[in-house]
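# Survey of secondary and tertiary structure
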Amino acid sequence: QVQLVESGGGLVQAGGSLRLSCAASGRTYSRDAMGWFRQAPGKEREFVAGISWSGRSTFADSVKGRFTISRDNAKSTVYLQMNSLKPEDTAAYYCARGSSVSVPTSPRGYDYWGQGTQVTVSS
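Scope of this entry: the structure provided in the associated data block. Predicted model only: the values in this text are computed from it and were never measured.

### Comments concerning the packing of aromatic side chains
- Counting across every chain of the model gives 4 aromatic pairs.
- Here the aromatic rings of F37 and Y110 are separated by 5.1 Å at their centres, their planes lie at 80°, and the arrangement is edge-to-face. Note that F37 is positioned in strand β4 (residues 34–39) and Y110 in strand β10 (residues 110–113), a separation of 73 residues in sequence. Comparing F37 with Y110 shows no difference in burial state: the two are buried.
- Grouping aromatic residues by their ring pairs yields a cluster made of F37, F47, Y110 and W113.

This is the structure in structure tokens:
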């Protein structure tokens, strides 16, 4: 079993920044890919960013140039730095562990999920 706990969400004005953290515990492996997804009310869960065990990152087009993802394998923690936030970034953000060493962009490629943290960007 793997437990994932997100933190760092909150309310921020447009143009502001937030840093989300995802702490993993349990049967975790540094070679797992990790991903961030988000889901707004009435919408499907969508891929935001992912990072492989080696540090290679992948981003959704909507966040490229504004978000960065990093990981600290010694701390079993993944971070999502979100800059230049927009109201359309408002959503619940979830971290997830990939079921392979690659970085899937579909939720089906992840087997463990956190409980989510809310990000609200006001205009």
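### What to know about the environment of N73
- Structurally, the position occupied by N73 is in the loop between β7 (67–72) and β8 (77–82).
- Its relative accessible area of 35% is what places N73 among the partly exposed residues.
- As a C-alpha pair, N73 and S62 span 11 residues in sequence and 27 Å in three-dimensional space.
- Here R71 takes part through its side chain, which lies 2.7 Å from a polar atom of the side chain of N73.

### Digging into the nonpolar core
- Of all hydrophobic cores here, the largest spans 32 residues; its most connected members are W36, V48, F67, I69, L80, M82 and Y93.
- Leave out the neighbours within four places in its chain, and V48 touches W36, F37, R38, T58, F59, A60, V63, F67, L80 and Y93.

### Thoughts on the pattern of salt bridges
- The tally for this structure, following the rule as stated, stands at 6 salt bridges.
- Between D32 and R97 there is a salt bridge, with the nearest N and O atoms lying 3.3 Å from each other. Of the two residues, D32 sits in the loop between β3 (18–26) and β4 while R97 sits in strand β9 (residues 91–98), which places them 65 residues apart along the sequence.
- A salt bridge links D89 to R38; its shortest N-O distance comes to 2.9 Å. With D89 in the loop between β8 and β9 and R38 in strand β4, this residue pair connects regions lying 51 residues apart in the sequence.

### Focus: the environment of G35
- In this structure, G35 sits in strand β4.
- Overall, G35 belongs to the buried group, its relative accessible area being 1%.
- Measuring from C-alpha to C-alpha, the distance between G35 and S123 comes to 27 Å, with 88 residues separating the pair along the chain.
- Other than its neighbours up to four places away in sequence, G35 contacts A49, G50, Y94, C95, A96 and Y110.

### A word on the state of the cysteines
- Scanning the entire structure with this criterion turns up 1 disulfide.
- The disulfide bridge from C22 ends at C95, spanning 1.9 Å between sulfur atoms. An S-S torsion of about 50° defines the bridge between C22 and C95 as right-handed. Placement of C22 in strand β3 and of C95 in strand β9 is noted, with a sequence separation of 73 residues between them.
- Looking at C22, the relative accessible area reads 1%, which means it is buried.

Definitions and cut-offs
- Residues numbered from 1 in each chain as written.
- Predicted model: local features only at pLDDT ≥ 70, side-chain atom pairs only at ≥ 80, totals over all residues.
- Heavy atoms only, no water.
- Phe/Tyr/Trp six-rings, centres within 6.5 Å; stacked < 30°, edge-to-face > 60°.
- Helix = DSSP H or I, 4+ residues; strand = E, 2+ residues; numbered from the N terminus.
- Buried < 20%, exposed > 50% of the residue type's maximum accessible area, 1.4 Å probe, protein only.
- Polar contact = N/O pair within 3.5 Å; in protein donor to acceptor, adjacent residues only side chain to side chain.
- Core = buried A, V, L, I, M, F, W, Y, C linked by side-chain atoms within 4.5 Å.
- Contact = heavy atoms within 4.5 Å.
- Salt bridge = Lys/Arg side-chain N within 4 Å of Asp/Glu carboxyl O.
- Disulfide = S-S within 2.5 Å.

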